[in-house]
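Residue strings, one per chain:
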Amino acid sequence: MKRNHNHRVPRATDKSLAFTVREEMGLLDFVMKCLDGISRNKAKSILTKGGVEVDGHQQTHHDFKVLPGSVVTISRQPRPRAATSPHYRIVYEDRWIVIVDKEPGVLSMGVGAGSLNMKALLDRHFTETRQHCTAHVVHRLDCRTSGLMVYAKSTQVQQDMTEDWHNTVTDRRYVALVEGTMEKQEGRVESFLKDTKRMVVISSPTDNGGKFAVTTWRLLEQGQQHALLELKLLTGRKNQIRVHMADIHHPVVGDGKYGSQDAPGSRMCLHAFKLALKHPVTGEELTFETPIPPYFYRRMR
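Basis of the calculations
- Residues numbered from 1 in each chain as written.
- Predicted model: local features only at pLDDT ≥ 70, side-chain atom pairs only at ≥ 80, totals over all residues.
- Heavy atoms only, no water.
- 1 Å grid on protein atoms, 1.4 Å probe; cavity = no way out; pocket = protein on both sides within 12 Å on 5 of 7 lines; lining within 4 Å.
- Points joined across faces, edges and corners; volume = space filled by probe spheres on them.
- Helix = DSSP H or I, 4+ residues; strand = E, 2+ residues; numbered from the N terminus.
- Nonpolar A, V, L, I, M, F, W, Y, C, P; charged D, E, K, R; others polar.
- Contact = heavy atoms within 4.5 Å.
- Polar contact = N/O pair within 3.5 Å; in protein donor to acceptor, adjacent residues only side chain to side chain.
- Core = buried A, V, L, I, M, F, W, Y, C linked by side-chain atoms within 4.5 Å.
- Buried < 20%, exposed > 50% of the residue type's maximum accessible area, 1.4 Å probe, protein only.
- Phe/Tyr/Trp six-rings, centres within 6.5 Å; stacked < 30°, edge-to-face > 60°.
- Pairing = 2+ DSSP bridges.
- Axes fitted to C-alpha atoms, helices over the stretch in contact; angles between N-to-C directions.
- Parallel < 35°, antiparallel > 145°, perpendicular 65-115°, else oblique.
- Left-handed = near helix turned anticlockwise from the far one by under 90°.
- Salt bridge = Lys/Arg side-chain N within 4 Å of Asp/Glu carboxyl O.

A. Structural context of empty space enclosed by the protein. Inspection of every chain in the model, using the stated rule, returns 1 cavity of 30 Å³ or more. The computed volume of the largest cavity comes to approximately 40 Å³. Around the largest cavity, the lining residues are His139, Leu141, Leu148, Arg172, Arg173, Tyr174, Ala272, Lys274 and Leu275. Those elements giving two or more residues to the lining of the largest cavity turn out to be strand S12 (169-179) and strand S17 (270-278). Grouping the amino acids of the lining of the largest cavity by side-chain chemistry returns 5 nonpolar, 1 polar and 3 charged.

B. Inspection of the environment of Glu179 at higher detail. With respect to the helices and strands, the residue Glu179 is situated in strand S12. Put simply, Glu179 and Asp262 are 83 residues apart on the chain and 7.6 Å apart in space, counted from C-alpha to C-alpha. Glu179 has contacts with Gln225, His226, His250, Pro251, Val253, Ser260, Gln261 and Asp262, leaving out every residue within four places of it along the chain. A polar contact is formed between the side chain of Glu179 and the backbone nitrogen of Gln261, at a distance of 2.8 Å.

C. Up close: the nonpolar core. In terms of nonpolar packing, the biggest core is built from 39 residues, with Leu122, Tyr151, Leu229 and Met245 touching the most fellow members. Sequence-distant contacts of Leu229, that is, excluding residues within four places in its chain, are made with Tyr174, Val175, Ala176, Val178, Met182, Trp217, Arg218, Leu219, Leu220 and Met245. Val31, Ile46, Val54 and Val66 belong to the second largest nonpolar core, which has 18 residues in total.

D. Structural context of the packing of aromatic side chains. Scanning the model with the defined rule gives 2 aromatic pairs in all. A centroid spacing of 5.5 Å and a plane angle of 50° characterise the contact between Tyr92 and Phe288, whose relative ring orientation is tilted. With a gap of 196 residues between them, Tyr92 in strand S8 (residues 88-93) and Phe288 in strand S18 (residues 285-289) connect regions that are remote in the sequence. Taken individually, Tyr92 and Phe288 each receive the classification buried, so the pair is uniform in this respect.

E. Spotlight on the pairing of strand S15 (residues 211-222). For strand S13 (residues 186-195) and S15, the ladder comprises 8 bridges, and the chain directions are antiparallel. From the neighbouring strand, Val189 faces S15, where its bridge partner is Thr215. Both S15 and strand S16 (residues 226-233) contribute to a ladder of 7 bridges, which runs antiparallel. The residue of S16 that forms the bridge with Glu221 is Leu228. Counted between consecutive antiparallel strands, the loop separating S15 from S16 contains 3 residues.

F. Representation of the environment of Asn117 within the structure. Assignment of secondary structure puts Asn117 in the loop between strand S9 (97-102) and helix H3 (118-128). Residue Asn117 is classed as buried on the basis of its relative accessible area of 6%. When the C-alpha atoms of Asn117 and Leu107 are compared, they prove to be 4.3 Å apart, with 10 residues separating the residues in sequence. Sequence-distant contacts of Asn117, defined by excluding residues within four places in its chain, comprise Val106, Leu107, Ser108, Met109 and Gly110. Engagement of the side chain of Asn117 in a polar contact is seen with the backbone nitrogen of Lys119, the distance being 3.2 Å.

G. Structural view of the packing of helix H1 (residues 27-34) against helix H2 (residues 40-48). Packing of H1 against H2 brings their axes to within 9 Å, and their N-to-C directions diverge by 115°. Classified by the interaxial angle, the pair formed by H1 and H2 is roughly perpendicular. Relative to H2, the crossing made by H1 is right-handed. Across the interface between the two elements, Leu27, Leu28, Asp29, Val31 and Met32 of H1 pack against Arg40, Ala43, Lys44 and Leu47 of H2. Here the contact of H1 with H2 is built from residues that sort into 6 nonpolar, no polar and 3 charged.

H. Focus on the pattern of salt bridges. In total, this model carries 15 salt bridges according to the counting rule given. For the salt bridge of Asp29 with Arg40, the shortest nitrogen-to-oxygen distance reads 3.6 Å. Of this pair, Asp29 sits in helix H1 while Arg40 sits in helix H2; the two residues are 11 residues apart in sequence, bridging distant segments of the chain. Taking the relative accessible area as the measure of exposure, Asp29 reaches 35% and is therefore partly exposed. The salt bridge involving Lys153 is made with Glu93; its shortest N-O contact spans 2.9 Å. With Lys153 in the loop between strand S11 (146-152) and helix H4 (155-163) and Glu93 in strand S8, this residue pair connects regions lying 60 residues apart in the sequence. Each member of the salt-bridge network shares a partner with another, and the members are Asp171, Arg173, Arg218, Glu230, Lys232, Lys274 and Glu289.

I. Focus on the side chain of Lys153. Overall, the relative accessible area of 7% leaves Lys153 in the buried class. Separated by 2.7 Å, the side chain of Lys153 and the backbone oxygen of Asp94 make a polar contact. Only 2.6 Å separates the side chain of Lys153 from the side chain of Gln131, close enough to count as a polar contact. Beyond its immediate stretch of four places on either side in the chain, Lys153 contacts Glu93, Asp94, Arg95, Trp96, Ile97, Val98, Phe126, Gln131, Cys133, Thr134 and His136.

As structure tokens, then:
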């Protein structure tokens, strides 16, 4: 007897069909079985155009493995996908949050009319993809820093994440290209950081009325004039990595504000490459990593 691989779930719309997975298989094969008689090329086209969601997440990879219990929705009129942007890349998105890989030169949120910022870019993406939500800032990256950021799609999710930030975000790591030769393979920097009216963060080994901050680092690669480091934030303070690297006399390349003599004003060589968090609604453990920017390696030569 031939085993039934899927079960149709009734839907209130004739524009999409939903199926519950009964047996693990590749997504392309699953779509072909659900739409009996459809050609392989047609099934690929539906996936490529964003017409398939797995448990509410749009999925375009043909070889993605669907597991028993998952619900696969196949749309006859798929939600349009936003145009690609030179300013960011979406690495994860569901109905509650979106995680992006931000390029340098983009603010986390708007400051003044017409500023290039991630909130405005994401709001545009939501409009283009017919989502009835706006982006809510959960944490920030410096304008000239690139890397992973998470935004909430509602005020409630934003509040849940910020109020329990240390339990929600389980790991944040950066890579930085810094000046000079490191004398050790790893280290730890501790100080009190205080913001000033001049918009500069000052560091003190004793309590200066600021906030206690801890950064750990390890050497990834040493060049003749620069070192590539992996850094982990044990606290999340404004300009923390930049100030702590200046404290140990190895400023981040391009960071003229905190002492870099190497290409100040160019892109700052700091990138948030890893973000691990507990999903604020589902509780699922999510981990994301992005590659080290090639520019960092070019600067080492």
